[in-house]
Amino acid sequence: MAEQHSSYAFATRALHVGQDSAQWKSRAVVPPIVMATTFAQFEPAVTARFEYGRSGNPTRNSLELCMASLDKAKHSLIFSSGVACEVNITHLLQAGGHIITDTQVYCGIDRYFRKCASKFDLTIDYVDFCDLNQVAKAAESNLQRGSKSGLVWLESPTNPLLKVTDIRAVTSTLKNINPNVIIAIDNTFMSPYFQSPLELGVDLVMTSITKYVNGHSDVVMGSISTNRTELYDRLKYLQNAIGAVPSPIDCFMVNRSIKTLALRMEKHQKNAMAVALFLESHPLVKRVLYLGLESHPQHQLVLKQCKGFTGMIAAYLEGTLETMCKFLSYLKIFTLGESLGAVESLIELPAIMTHEMMGQWARDKIGISDTLVRISIGVEDVDDLIGDLDQALKRSQPTN
Ligand SMILES: *Cc1c(COP(=O)(O)O)cnc(C)c1O
């Protein structure tokens, strides 16, 4: 409505003047934040592409195009969290379906499978994806159930123990036995910068954007990328039908963050390598797990299937739970907190923080002990990071 429409009353002008939806063709260099929840239609059901904010939004669409490209995918869909992606993927299954996942699958993902999705009579088989015999057996039992829409949920490397799956070997074993199985992978720890699982036979790549892709500890979000258009169509339907979509402001924030993903990942990796070497040589550290160390049991596989080592370190320290708590309290630069993949360095004790919900027995089975710390190396100056760890380790050493 043009400004000259002064014949309208105050309340009408307050709503309509300056708001004409036809004017937005600004050629702004940065995708605008489109907060509109509805889009004016030319005629009933004739739209300029968008109709309602849940089914599609221009700010979200910019991010979906960018994420698809980084994942080397035809399609990408953005959801309100990483877990929301998992929920939508699980909805691809029929009731009575069958899920195969790793004994080390991230417990925040497993919680939904076990506690929520189980009411749809889904069966879950836990295997060690490093053992192809176990994988083949599970795939056969999946077939015998007559389940045409089995789901496999991979995670590589795992959170927090950094176990690596030979993605190509596992996907070809699975597809040889059951070509209809849908294989998804959680690519959160590597981000699309260091790992492209669609090139290794996976159908769906899930990323918790909350972590490296956004990287600034201020957005919770997730993405699913795929080259299979029929799966994309079904997921796009579910995205709208289930409704777990992010705010356009959050999409704007990630559109901005993603521009420095490559720079950040290089720095995370460089810093993490130096910290891992420091920890490995430290007398108060029993064992360090880092993809870039030759001592990592699957270092050769990492060199084969990944383009880098990312910024995550797991380390077993000498001492007890009490020593760990002291050590963490002495750190000055590292933030004690959950989450990972941020520009600031984060550290946490999985046994009583992120992985507490697993229970002691399940933690012991896979090796999450009270003296395991998970470290997410940020982009600070690396000498300051090493100095901080060094002073905290020294101070927490039991005096004997
Ligand atoms: C954080 C995380 C998730 C869950 O993502 P949200 O965005 O928190 O829902 C899934 N997998 C891994 C490996 C994670 O670290």
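Quick caveat: nothing in here was measured; it's all calculated off a predicted structure. (Residues numbered from 1 in each chain as written. Predicted model: local features only at pLDDT ≥ 70, side-chain atom pairs only at ≥ 80, totals over all residues. Heavy atoms only, no water.)

Student: Is there a simple way to explain the domain arrangement of the protein in this structure?
Tutor: Quoted interface sizes are often the accessible area lost when the parts come together. Domain boundaries in the protein define domain 1 (10-259) and domain 2 (261-396). One C-alpha centre belongs to domain 1, the other to domain 2, and the line joining them spans 27 Å. Contact residues are listed per partner, giving 40 residues for domain 1 and 42 residues for domain 2. On the domain 1 side of the contact with domain 2, Leu-161, Phe-194 and Tyr-212 bury the most area, a combined 25% of that side's loss. Seen at the junction of domain 1 and domain 2, the total is one salt bridge. Residue Asp-166 is joined to Lys-304 by a salt bridge in which the shortest nitrogen-to-oxygen separation is 3.6 Å. Connecting domain 1 to domain 2 are 17 residue pairs in polar contact (both at pLDDT 80 or more). (Domains from an automatic or database assignment. Contact = heavy atoms within 4.5 Å. Buried area = accessible area lost by both parts, 1.4 Å probe. Salt bridge = Lys/Arg side-chain N within 4 Å of Asp/Glu carboxyl O. Polar contact = N/O pair within 3.5 Å; in protein donor to acceptor, adjacent residues only side chain to side chain.)

Student: In this structure, what is going on with the nonpolar core? I would like to understand it.
Tutor: Considering soluble globular proteins, one finds that nonpolar side chains tend to be buried as a cluster. Counting 62 residues, the largest nonpolar core has Val-275, Leu-279, Ile-313, Phe-327 and Val-373 as its most contacted members. Broken down by element, the residue count for this core peaks at seven residues, all from helix H10 (residues 261-280). Every residue in contact with Val-373, bar those within four places of it in the chain, is listed here: Ile-313, Ala-314, Ala-315, Leu-317, Met-324, Phe-327, Ile-347, Glu-348, Leu-349 and Pro-350. Judged by nonpolar contacts, the second largest core, of 28 residues, contains Ile-89, Trp-153, Leu-204 and Leu-235. (Core = buried A, V, L, I, M, F, W, Y, C linked by side-chain atoms within 4.5 Å. Buried < 20%, exposed > 50% of the residue type's maximum accessible area, 1.4 Å probe, protein only. Helix = DSSP H or I, 4+ residues; strand = E, 2+ residues; numbered from the N terminus.)

Student: I tried to follow unusual backbone geometry on my own but got confused; where do I start?
Tutor: The omega torsion across Ser-156 and Pro-157 is -5°, close enough to zero to call that bond cis. Here Pro-157 lies in the loop between strand S4 (151-155) and helix H6 (167-177). In this model, Leu-162 sits at a positive phi of 60°, which is unusual for a non-glycine residue. Residue Leu-162 is classed as buried on the basis of its relative accessible area of 1%. The backbone of Ser-217 sits at a positive phi, close to 55°, despite the residue not being glycine.

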